[in-house]
Amino acid sequence: MGFQFQPSEIMKIALIIFLADRLSRDPKKNKQFIKGICPYLAVVGLICVLLYKQPHYSALGITAMVSMIMIFASGMRMIQIIGFGALALPVGIYYLLQEPYRVKRIQYVFRPWEDMLDSGWQAMQSLYALGSGGIFGTGLGNSTQKYMYIPEPHTDFIFSIWAEETGFFGVALVCILFAILIWRGMTIAMKAPDMFGTLLAIGIISLIAVQVILNIAIVSATFPVTGVPLPFFSYGGTALVILLASCGILINIGRNGVK
């Protein structure tokens, strides 16, 4: 009996460890674009190309954002980030527009009701779930949107089902818990014993924060629909194992640095 795993999840933490190690070796060099930062951007770019070819666009976006956060935290100048962004943005937009379905998702992101049976289906059903929850929710297990309305409700749109069943207070509780986790992770990063620990903690907590923000934005129809799981909630064995291992690393950094 075999098993399945998602290579992109392993790649995320592997890239974070790689960048933390390399960027912490000579922090002063990170202020130089060509000799300092450019080689790491090339590595990230190569991984993004592979994810594009897979295709796995959500992992591509998360990888790019987390990598840029780590590189910026390592000492990259703001003018360099602006310059690199000015060069990378047109390329990203060009490839984004190559597939008609991606264009439609962007086109109807703020008005999904105009294409309810196609590109706006998931967003509209998610909004129905969010609105049905009210203040106290319909009760655990009493969601109706999870029955053939929201596709695969146990994965990327689990937050919608949670909102429907637990209401405003359940949503607030989850958001507060994630905020505490992210705040604690940043505290660990700031008090880490060395540069490597700081960048590693920033990478791990950024990975969690980016996924949380994007997932909530997607289910609330403020960002185009794409496959971004909600950490610790969405179904997925590889993602959960990697997240738990990452939090173990974060706790270890905290034990050695935070007093």
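The structure we're discussing is the one just above.
Residues numbered from 1 in each chain as written. Predicted model: local features only at pLDDT ≥ 70, side-chain atom pairs only at ≥ 80, totals over all residues. Heavy atoms only, no water.

Draft legend 1. A look at the overall build of the chain. Summing up its helical and strand segments, the chain has nine helices and zero strands in all. Its helices and strands taken in sequence order, the chain reads α-α-α-α-α-α-α-α-α from the N to the C terminus. Reported as C-alpha extents along the three principal axes, the dimensions of the chain are approximately 55 × 45 × 45 Å. A buried classification covers 42% of the 259 residues belonging to the chain. The contacts in the chain between residues at least 6 apart in sequence include a share of 68% that link residues at least 24 apart. Just so you have it, the chain exposes about 14100 Å², and 70% of that area is on carbon and sulfur atoms. Within the chain, one finds 18 positive and 12 negative side-chain charges whose respective centroids are separated by 16 Å. (Helix = DSSP H or I, 4+ residues; strand = E, 2+ residues; numbered from the N terminus. Buried < 20%, exposed > 50% of the residue type's maximum accessible area, 1.4 Å probe, protein only. Contact = heavy atoms within 4.5 Å. Areas by Shrake-Rupley, 256 points an atom, 1.4 Å probe, with all protein chains shown as cover. Lys, Arg positive; Asp, Glu negative; His and termini not counted. Charge placed at Lys NZ, Arg CZ, Asp CG, Glu CD.)

Draft legend 2. Up close: the nonpolar core. If you look at the biggest cluster of nonpolar residues, it comprises 54 residues, and the most contacted ones within it are Ile16, Leu19, Leu23, Ile62, Val66 and Met70. Residue contributions to this core peak at 13 residues, all from helix α8 (residues 195-219). What Met70 contacts, discounting residues up to four positions off in sequence, is Ile16, Leu19, Ala20, Leu23, Leu199 and Gly203. (Core = buried A, V, L, I, M, F, W, Y, C linked by side-chain atoms within 4.5 Å.)

Draft legend 3. Main features of helix α7 (residues 158-190). Between its first and last C-alpha, α7 extends only 32 Å over 33 residues, short of the 48 Å set by a 1.5 Å rise per residue. For α7, the principal kink sits at Gly167 and spans about 125°. (Expected span 1.5 Å × (residues − 1). Bend = angle between axes of the 7 residues up to and from the residue.)

Draft legend 4. Examining helix α3 (residues 57-73) more closely. The first and last C-alpha atoms of α3 sit 24 Å apart over 17 residues, in line with the 24 Å expected at 1.5 Å per residue. Turning to α3, its buried residues are Ser58, Ala59, Ile62, Thr63, Val66, Ser67, Met70 and Ile71. Where α3 is buried, its residues touch α1 (7-23), α2 (33-53) and α8. Phi for Gly75, located one or two positions after α3, is positive at around 130°.

Draft legend 5. Expanded view of the environment of Phe196. Within the secondary structure layout, Phe196 lies in helix α8. Between the alpha carbons of Phe196 and Lys146 there is a distance of 43 Å; along the sequence they are 50 residues apart.

Draft legend 6. A look at the packing of α7 against α8. α8 packs onto α7 with a crossing angle of 160° between their chain directions and a minimal axis gap of 10 Å. With respect to α8, the axis of α7 lies roughly antiparallel. α7 and α8 meet at a crossing whose hand is left-handed. Only Thr198, Ala201, Ile202, Ile205, Ile208, Ala209, Val212, Asn215, Ile216 and Val219 of α8 make contact with α7, whose side of the interface consists of Phe159, Ser160, Cys175, Phe178, Leu181, Ile182, Gly185, Met186, Ile188 and Ala189. Considered class by class, the residues forming the contact of α7 with α8 number 16 nonpolar, four polar and no charged. (Axes fitted to C-alpha atoms, helices over the stretch in contact; angles between N-to-C directions. Parallel < 35°, antiparallel > 145°, perpendicular 65-115°, else oblique. Left-handed = near helix turned anticlockwise from the far one by under 90°. Nonpolar A, V, L, I, M, F, W, Y, C, P; charged D, E, K, R; others polar.)

Draft legend 7. Region of the structure containing the pattern of salt bridges. Counted by the stated rule, this structure contains three salt bridges. Between Asp21 and Arg25 there is a salt bridge, with the nearest N and O atoms lying 3.0 Å from each other. With relative accessibility at 54%, the residue Arg25 sits in the exposed group. The closest approach of N and O atoms between Lys146 and Glu165, which form a salt bridge, is 3.2 Å. With Lys146 in the loop between α6 (121-133) and α7 and Glu165 in helix α7, the pair connects residues that are 19 residues apart, well separated along the chain. Of the residues examined, Lys146 reaches a relative accessible area of 26% and is grouped as partly exposed. (Salt bridge = Lys/Arg side-chain N within 4 Å of Asp/Glu carboxyl O.)

Draft legend 8. Expanded view of a nonpolar patch on the surface. A cluster of nonpolar side chains, Leu89, Ile93, Leu96, Leu97, Val103 and Ile106, forms an exposed patch at the surface whose accessible area comes to about 480 Å². Among the elements of the structure, α4 (78-96) and α5 (100-107) are those that each provide at least two residues to the nonpolar patch. At three residues, α4 tops the list of elements feeding residues into the nonpolar patch. The topology assignment puts Leu97 in the loop between α4 and α5. (Patch = residues over 30% accessible without salt bridge, like charges linked within 9 Å, V, L, I, M, F, W, Y side chains within 5 Å.)

None of the figures reported here should be taken as evidence of function without further support.
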